[in-house]
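Below, each chain spelled out in residue letters.
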Amino acid sequence: MLTETVAGRTYDYTHNVGRGSQSGMGFNWPNSMTFTPDGTVYITNRGSESISNVGWNRTGVGQRISKVTIGANWGEEEFLGEFSQYGDGDGQLIWPAGIASNDQGEVFVTDEWLNRVSVFDKDDNLVRSFDTVQDGDGDTNGAAGIAIGKDGTVYLTDSRSHQVRMFKSDGTFISAFGSKGVSEGQFDAPWGITVDNDGKVYVADFGNNRVQKFSADGKFELQIGRPGNKRGDLSNPTDVAVYPDGDIYVCDWSKNAWDRGRVHIFTPEGQFLTALVGDAQQLSQWAQMTVDANADYAKRRREVRSTEPEWTFAQPTAVEWDTANNRLMVADTQRSRVQIYAKKSGYLVPQLNL
């Protein structure tokens, strides 16, 4: 369904951007996104480790941060460049996990392996970095999602210590909240995180199959979603985004290989509205370029019984709301692409008998 209307809201699939690529014009396991004030989209590429008999910090391929503009329609996207690479040196990445930007255009990137945040300026230069593990935190840590509040507070999920940690933008530790468990305010491998316009903090509680909403200082306020296999239930949510009017979008990774993941939409009060499953019926411009350049690719694709499985999300990992353009962007991770949905206002369908 390319266009879906529910409860006065209309979501219109526009296009997708990306293709599989270890470098350059494409993505390699894209798993988080952010927008800077000038409209540039920064995307982390998780990459993979696949080179045998090489030192652990030199085995990765594809890890980097891509810079693109998306455009309003198919073919209008532009690859602007990329920076960083695999490694444990300054400004390098082993397991990039989350990305966020502030009003100054600085880009903050978490590393789940190195447990640090690297901060880059608008010219892609490393300006500082800081550790996410504090004295007394223990040995089990994994820096994951990251979000920045309007006051500059940096919120970071730690998926292995089951906490949310708060820092000043210079890396000074403020406080932490959460612990391992299933009760309100507890977590099991928290991952994605976002802060809404009112300063409320939303955390994708991956292992507990829910999203939790907190005050800016970490007091529990609301649970969104619940575990299960019915429509609207969650199965390993990885990220969350909030529309300016309060609607909540939850990226559901799904542990069931046959259920490839979806994006659930909830009201501000947590009532389920609908779910998007992916609608990429047309290849992206970059993917089409690859097919057009190889006759065998084109033949094999035309010989399949149906291309419908290609349309859907394949375990998506991140969802972000593009406020400037009033649209939702989903990191369709296993497909190495981003799917885009515009939110329409005043959408009307004339009656068929008029």
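Refer to the structure presented above.
Here we look at helix α1 (residues 285-292)
Buried within α1 are the following residues: W286, A287 and V291. Angularly, the buried residues of α1 cover 140° about the axis, an arc narrow enough to put them on a single face.

Details of the pattern of salt bridges
Considering all chains together, one arrives at 17 salt bridges under this definition. Between R210 and D205 there is a salt bridge; the shortest N-O distance is 2.8 Å. The two residues R210 and D205 agree in class, both being buried. Sharing partners across several salt bridges, the network here consists of R9, D245, D247 and K343.

Observations concerning the pairing of strand β14 (residues 154-158)
By the criterion of burial, β14 is predominantly enclosed, with five of the five residues buried. Relative to β14, strand β13 (residues 143-148) is paired through four bridges, and the arrangement is antiparallel. Bridge assignment links A143 to a residue of β14, and that residue is D158. Connecting the antiparallel pair β13 and β14 is a turn made up of five residues, with G152 showing a positive phi of about 90°. Sheet topology places β14 next to strand β15 (residues 163-167); five bridges connect them, and they run antiparallel. The residue bridging L156 from the neighbouring strand is R165, located in β15. What sits between β14 and β15 in their antiparallel hairpin is a turn of four residues, with H162 showing a positive phi close to 60°.

Here's the deal with the side chain of N115
Note on placement: N115 falls in the loop between β10 (107-111) and β11 (116-120). On the accessibility criterion, N115 (13% relative accessible area) is buried. A polar contact of 3.4 Å, which involves the side chain of N115, links it to the backbone nitrogen of G142. Those residues in contact with N115 that sit more than four places away from it in its chain are F130, D131, T132, V133, N141, G142, A143 and D158.

Focus on the side chain of D111
Note on placement: D111 falls in strand β10. Although buried, D111 forms no salt bridge, and the nearest oppositely charged side chain, R116, lies 5.4 Å from it. At a separation of 2.9 Å, a polar atom in the side chain of D111 contacts the main-chain amide nitrogen of W113. Residues contacting D111, with those up to four places away along its chain left out, are Q92, L93, I94, W95, R116 and A143.

Considerations on the sheet that holds strand β25 (residues 318-322)
What the five strands build is an open sheet, ordered β1-β2-β27-β26-β25; its pairing is antiparallel. For this open sheet the edge positions go to β1 (3-6) and β25, each flanked by a neighbour on one side alone. Taking each pair of neighbouring strands and ignoring which way they run, the sheet shows an average axis angle of 25°. When β1 meets strand β2 (residues 9-17), the two strands line up antiparallel, connected through four bridges. If you follow E4 over to β2, its bridge partner there is Y11.

Some thoughts on the nonpolar core
Counting 18 residues, the largest nonpolar core has Y249, V263, L276, V319 and L328 as the members making the most contacts within it. Each residue touching L276, except ones within four places of it in the same chain, is listed here: E4, R262, V263, I265, F313, L328 and Y341. By size, the runner-up hydrophobic cluster in this structure holds 14 residues, among which are V17, F27, I43 and A331.

Things to note about the environment of G270
When you line up the elements, G270 lands in the loop between β23 (262-266) and β24 (272-276). Spatially, the C-alpha atom of G270 lies 7.7 Å from that of I248, the residues being 22 residues apart in sequence.

What counts and how
Residues numbered from 1 in each chain as written. Predicted model: local features only at pLDDT ≥ 70, side-chain atom pairs only at ≥ 80, totals over all residues. Heavy atoms only, no water. Buried < 20%, exposed > 50% of the residue type's maximum accessible area, 1.4 Å probe, protein only. Helix = DSSP H or I, 4+ residues; strand = E, 2+ residues; numbered from the N terminus. Arc of directions from axis to C-beta. Salt bridge = Lys/Arg side-chain N within 4 Å of Asp/Glu carboxyl O. Pairing = 2+ DSSP bridges. Polar contact = N/O pair within 3.5 Å; in protein donor to acceptor, adjacent residues only side chain to side chain. Contact = heavy atoms within 4.5 Å. Lys, Arg positive; Asp, Glu negative; His and termini not counted. Axes fitted to C-alpha atoms, helices over the stretch in contact; angles between N-to-C directions. Core = buried A, V, L, I, M, F, W, Y, C linked by side-chain atoms within 4.5 Å.

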